[in-house]
Amino acid sequence: MDRNPSPPPPSREDEDAEVAGGDCIGSTVYSKHWLFGVLSGLIQIVTPENTKSTSEDEGQQMELDEEMENEICKVWDMSMDEDVALFLQEFNAPDIFMGVLAKSKCPRLREICVGILGNMACFQEICVSISSDKNLGQVLLRCLYDSDPPTLLETSRLLLTCLSQTEVASVWVERIREYPAICDSICFIMSSSTNVDLLVKVGEVVDKLFDLDEKLMLEWIRNGAAPPLDQPQGDSEEQPVYKIVPCVLEAAKQVRSENPEALDVYMHILQLLTTVDDGIQAIVQCPDTGKDTWNLLFDLVCHEFCQSDDPPIILQEQKTVLASMFSVLSAIYASQAEQEYLKEKDLPLIDSLIRVLKNVEHCQKKPENSTESITEETQKSDLTQDDFHLKILKDISCEFLSNILQALTKETVAQGLKEGQLSKQKCSCAFQNLLPFYNPVVEDFIKILHEVDKAFADDLEESFPSLKVQT
């Protein structure tokens, strides 16, 4: 059975009767009477006499009646229509769904109800109404403690929709801040789930939260284990301690194995963490965490993204994720240069960085005669956005490359010349991008080249006369 089937089209007789009786919802052909019936059935499910349970079945999950599931799935599909969503709002359907979420033990029903609310929240007026309901907000946040992955997925989708609406984003940030245990719950999902769709959506929620509010990010960085909502404080010692960085790394590894294209969100979370000192310390203060982060990102940039046999244009698809990864690697490199796990990584990173810079240059070249059938205004807007992200990638790559060049020893330079990572072509590309902003770094590197291979250094200087060593 389809998870979210479309409602069957009404017969000609039914349609004529509904139109004649004013039964249609807005400009749709959906029946008000039929929708009232489904919502009334939902109310019956959560009435006190239907929610009583004996000690034997306490805590057991309920199955949803097949006919009711089909009906409520139709509502789920219909709720993507604005007229239907507004009608559900007018009928106080969110209160009905809140009752279901608070009382029902049926995972499938809870998933569908959150899913309908998620569709409704896509419309600004309804999103504001849902967000202003404190009780509903608390019930929805409690859904993050659900053990059912589909319900967690729909809850994350709903939260992301609300956080993306500027009018209500701050309401949800403050509401989430009131419950520090939400951090623990999300960390648990990231560290233990194998559902990639759920991991990506949860990652998008975390990324949005950190991007919206640095204070919340700092709280989550410092947060250890916290008892779930309503759990007595005395039981907190039994809860595991979840640290944000290892959990992000675990989720990233899982996503990488099944959907590497979706890694962008977790790389950006790590990048946001490095924008504050506490975040950098959370990565590097534990040697194992720092090493795991470094090894994962090193493997990605050197063996998966922007490889030598990839066409240069591939950088357009990878520019944001590469910028995030290089930014994090650079932050680790700057703060942990003495660590053993950083050694013997310089040359492969230089090779990768120079390849990226070369591809950036290729992507920034404007075609002389563009025959694409798009408007000049649209083309200008798209190019501006692309150029902006390419510039960010170039700036981050240059800063990281300059840091590595400063740390190179004569032995490493000799090895790089021998193995080809420091060929004349690659060094020229590096210099073209580093000059004039990193002129001292390049001058110091040229001095080392003179000590290792004077002929090579002299040959390279012919292309950059300003760098000739003064004697």
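Model, not experiment: these values are computed from the prediction.

Visitor: Looking at this structure, how should I read the side chain of Arg175?
Guide: Within the secondary structure, Arg175 is located in helix H11 (residues 169–177). We note that Arg175 is buried and unpaired, the nearest opposite charge coming from Glu178 at a distance of 6.0 Å. The contact partners of Arg175, leaving out residues within four places of it in the chain, are Ser131, Asp133, Lys134, Gly137 and Leu141.

Visitor: Would you mind showing me how to read the environment of Leu141 here?
Guide: Looking at the element boundaries, Leu141 is found in helix H9 (residues 134–142). C-alpha of Leu141 to C-alpha of Trp172: the two residues are 31 residues apart in sequence and 9.6 Å apart in space. Excluding residues that lie within four positions of it along the chain, Leu141 makes contacts with Leu159, Trp172, Arg175, Ile176, Tyr179 and Ile182.

Visitor: Would you mind showing me how to read the confidence of the model for the chain here?
Guide: Parts of the prediction with low pLDDT should not have their coordinates interpreted in detail. Taken as a whole, the chain shows an average pLDDT of 85; of its residues, 83% reach a score of 70 or greater. For the stretch residues 225–239, pLDDT sits under 50, and the model shows 20 contacts to residues farther than four places along the chain or on other chains. Note on residues 370–374: pLDDT is under 50 here. Beyond four places in sequence and across chains, it has two contacts.

Visitor: It is not clear to me how the packing of helix H2 (residues 32–45) against helix H6 (residues 93–103) should be interpreted in this structure. Could you clarify?
Guide: Any two packed helices are characterised by the angle at which their axes cross and by the distance between the axes. Between H2 and H6, the shortest axis-to-axis distance is 9 Å and the interhelical angle comes to 35 degrees. Crossing handedness for the pair H2 and H6: left-handed. Of the residues in H6, those touching H2 at Leu39, Leu42 and Ile43 are Ala93, Ile96, Phe97 and Val100. Of the residues belonging to the contact of H2 with H6, the class tally is seven nonpolar, no polar and no charged.

Rules used in this analysis
Residues numbered from 1 in each chain as written. Predicted model: local features only at pLDDT ≥ 70, side-chain atom pairs only at ≥ 80, totals over all residues. Heavy atoms only, no water. Helix = DSSP H or I, 4+ residues; strand = E, 2+ residues; numbered from the N terminus. Buried < 20%, exposed > 50% of the residue type's maximum accessible area, 1.4 Å probe, protein only. Lys, Arg positive; Asp, Glu negative; His and termini not counted. Salt bridge = Lys/Arg side-chain N within 4 Å of Asp/Glu carboxyl O. Contact = heavy atoms within 4.5 Å. pLDDT = per-residue confidence, 0-100. Axes fitted to C-alpha atoms, helices over the stretch in contact; angles between N-to-C directions. Left-handed = near helix turned anticlockwise from the far one by under 90°. Nonpolar A, V, L, I, M, F, W, Y, C, P; charged D, E, K, R; others polar.

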